[in-house]
Amino acid sequence: MNIRAAATAVMCVVACGSSAAAQTLRWGGDAEGGAPFVEADPSDPAKLVGFDVEIAELVARKLGRTPQFLQVQFTSLDQSAKRGDFEIGLSGIEDIPARRQSLAASIPYYEFREVLTVREGDRGRYRSLADLKGRRVATLGGTMAYDLLLEAERTAGITAVSYDDDVHPYSDLLLGRVDAVVLDNVLAERAMRRNAGLVTHPEALAVGHYIVITAPENTALRDQVDQILRDAMRDGTLERIFRRWNVWNDDQQQLYTRIGDSGAYQGSQPGTSGTPGTLGTVRRYVPSLFRAALITLTLSFAAMALAVALGVLIATGRVYGDPVSRLLLTVYVEVMRGTPVLLQLFVIYYGLASVIRLPAFIAALLGLGLNYAAYESEIYRSALEAVPRGQLDAARILGFSRMQTLRLVRAPQAFRLALAPMTNDFVALLKDSSLVSMLTVVELTKQTQIFATNIGSWVIPGLLCALLYLAMSLPLGYLARRLEERWRMPTT
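Let me begin by describing the structure that accompanies this report. Note that the structure is predicted; figures quoted are calculated from it, not measured.

Brief notes about the overall build of the protein chain
(1) Moving on: For the protein chain, the count of helices and strands is 18 helices and 13 strands.
(2) Moving on: Out of the 492 residues in the protein chain, the part that is buried amounts to 47%.
(3) Moving on: Across the protein chain, the fraction of contacts at a sequence separation of at least 24, relative to all contacts at a separation of at least 6, is 76%.
(4) Moving on: Total accessible area on the protein chain is roughly 23,500 Å²; 60% of this is exposed by carbon and sulfur atoms.

Printed below as a string of structure tokens:
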């Protein structure tokens, strides 16, 4: 009887949980995108506001369900939708062919224009991408704007600079790190209100649309969303939402008229409007992956060289220095090891911008080099202290100075001991170099992420990225093993 009652109770709990899940509409977005899309309410951080928030609430209400927000990084929204982490996603998501190929995408609910923003003093100098030949132009990675800039690299000779957010492109424009920004008019207008000294040209470089996405098998839900959006277009609900957020313009009424007149909306089709299909996109991105791999390798070698040089000095100071020097060097090591390398990169690149405006690559080199110097110094210090004390005493009896003992006796043996962990650290640094994409350095992982976003899949980009990382790290491991065998300390 007790077993039957327990089973009944479990079934009730499962049924109640399933009922609650059915009454909830999970929707995904990125609150880091900020207003007017999705952001935490300044007066109540526990509450979300934005026109995409209101549209999600509208869809949930029409479906008779309660909206539940799921925070997802913008560049991961497609993959999360495909996995079924949420039922619908909207956060300024652009309508591109790859997205319609891999997901169930709604009709557009907002039309935007890709526009060019420059410094006030460059208003007359830079009016188009052609005027920016040889200049750095920033945008958000994995967007239509980024594809536009990649094309302009080939045709107009600009340098495309990719960011992980839409805030720092405009702040770096003011600082002079880039010469222009290309993003949609919604983001540009927000940036103009936030940053004095910028001007946006009204001419459209391209036209795009925001859509709602869901998993490819959720076509029934997609059709319901389409009908809700059409009804909201006809009765003025969407107009009222966009007017509240000061983003309504005549483009939207024309879009709604076209959608109403055209019946079923097919969206952007692969291979149309000059947009390559998946195979064409792969061919286009492979050279970019090789260039990004070269950047990763160059940065890693340079940062490791800096880390080794500083690590040797720090280790030597901690072993041979006076008490004050040892204390200061110990504090440095503990601070660098005890704080995230990403935080250190941000401090060097953005925090020190008012004092010194380092180029992104130099800031990345310094950040990784200074961080890994702390780890390297511990390896070298341990290796130095592992040399038998008797050998040091013998060197002293023979009249060797401390520097001669270090150079001729202690350092060569310590190097042999440190070689294996040094190799491990270099491989780790090679992978940690992916963090520098936050400073606009488009290394291998960042380029792969952009590639995956634009084709709507991580399979091919992920495999190519893994192969390139292996091609860089395996030879290093082989070389280290050969050196270990050659310089192994004698056992007798």
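Having seen it, we continue.
Concerning the packing of helix H14 (residues 360-386) against helix H16 (residues 402-432)
(1) Moving on: The geometry of H14 relative to H16 is characterised by a closest axis approach of 8 Å and an angle of 145° between their N-to-C directions. Here the hand of the crossing between H14 and H16 comes out right-handed. Where H14 abuts H16, its residues Leu368, Tyr372, Tyr375, Glu376, Ile379, Tyr380, Ala383, Leu384, Glu385 and Ala386 lie against Leu406, Arg410, Ala411, Ala414, Leu417, Ala418, Pro421, Met422, Asp425, Ala428, Leu429 and Asp432.
(2) Moving on: When its residues are assigned to classes, the contact of H14 with H16 shows 17 nonpolar, no polar and five charged.

Structural notes on unusual backbone geometry
Apart from glycine, the bulk of residues carry a negative phi angle, and the bulk of peptide bonds sit in the trans form.
(1) Moving on: Residue asparagine 246 is not a glycine yet carries a positive backbone phi of 60°.
(2) Moving on: Within the fold, asparagine 246 resides in the loop between helix H9 (237-244) and helix H10 (250-262).

Concerning the pattern of salt bridges
Working definition: two side chains of opposite charge can pair if their charged atoms are close together.
(1) Moving on: Going through the model one piece at a time under the given rule, you end up with 23 salt bridges.
(2) Moving on: With a closest N to O distance of 2.0 Å, aspartate 166 and arginine 190 form a salt bridge. Here the residue aspartate 166 occupies a position in the loop between strand S9 (159-163) and helix H6 (168-175), and arginine 190 occupies one in helix H7 (residues 185-194), the gap between them amounting to 24 residues. Of the two residues, aspartate 166 and arginine 190, both sit in the buried class.
(3) Moving on: When salt bridges that share partners are traced, they join Arg119, Asp122, Arg125 and Asp179 into one network.

Points about empty space enclosed by the protein
(1) Moving on: This model, assessed by the stated rule, comprises two cavities of 30 Å³ or more.
(2) Moving on: Considering only enclosed or pocket space, the largest cavity measures out at about 40 Å³ in volume.
(3) Moving on: Only strand S13 (213-214) and helix H8 (219-234) provide two or more residues apiece to the lining of the largest cavity.
(4) Moving on: For the lining of the largest cavity, the leading source of residues is H8, giving three residues.

Remarks on the packing of helix H2 (residues 51-62) against H8
(1) Moving on: Contact pair H2 / H8: the axes reach a minimum separation of 10 Å and the direction vectors enclose 110°. In this view, H2 runs roughly perpendicular relative to H8, as classed from their interaxial angle. Regarding H2 and H8, the two cross each other, and that crossing is right-handed. Residue-level contacts link Ile55, Leu58, Val59 and Lys62 of H2 to Val225, Ile228, Leu229 and Ala232 of H8.

Some remarks on the pairing of S9
(1) Moving on: The buried fraction of S9 is high, at four of five residues.
(2) Moving on: Relative to S9, strand S8 (residues 136-140) is paired through five bridges, and the arrangement is parallel. Opposite valine 137, over in S9, you have alanine 160 as the bridge partner.
(3) Moving on: Each parallel crossover has a hand, and the one from S8 via helix H5 (residues 144-155) to S9 is right-handed.

Here we look at the layout of surface pockets
Remark: the empty space left among the atoms is shown by a probe the size of a water molecule rolled over them.
(1) Moving on: A volume near 420 Å³ is recorded for the second largest pocket.
(2) Moving on: Looking at the second largest pocket, it is lined by 26 residues, and the ones nearest its centre are Asp30, Phe74, Leu140, Asp164 and Asp165.

Cut-off values and rules
- Residues numbered from 1 in each chain as written.
- Predicted model: local features only at pLDDT ≥ 70, side-chain atom pairs only at ≥ 80, totals over all residues.
- Heavy atoms only, no water.
- Helix = DSSP H or I, 4+ residues; strand = E, 2+ residues; numbered from the N terminus.
- Buried < 20%, exposed > 50% of the residue type's maximum accessible area, 1.4 Å probe, protein only.
- Contact = heavy atoms within 4.5 Å.
- Areas by Shrake-Rupley, 256 points an atom, 1.4 Å probe, with all protein chains shown as cover.
- Axes fitted to C-alpha atoms, helices over the stretch in contact; angles between N-to-C directions.
- Left-handed = near helix turned anticlockwise from the far one by under 90°.
- Nonpolar A, V, L, I, M, F, W, Y, C, P; charged D, E, K, R; others polar.
- Salt bridge = Lys/Arg side-chain N within 4 Å of Asp/Glu carboxyl O.
- 1 Å grid on protein atoms, 1.4 Å probe; cavity = no way out; pocket = protein on both sides within 12 Å on 5 of 7 lines; lining within 4 Å.
- Points joined across faces, edges and corners; volume = space filled by probe spheres on them.
- Parallel < 35°, antiparallel > 145°, perpendicular 65-115°, else oblique.
- Pairing = 2+ DSSP bridges.
- Right-handed = clockwise from strand over helix to strand, strands pointing away.

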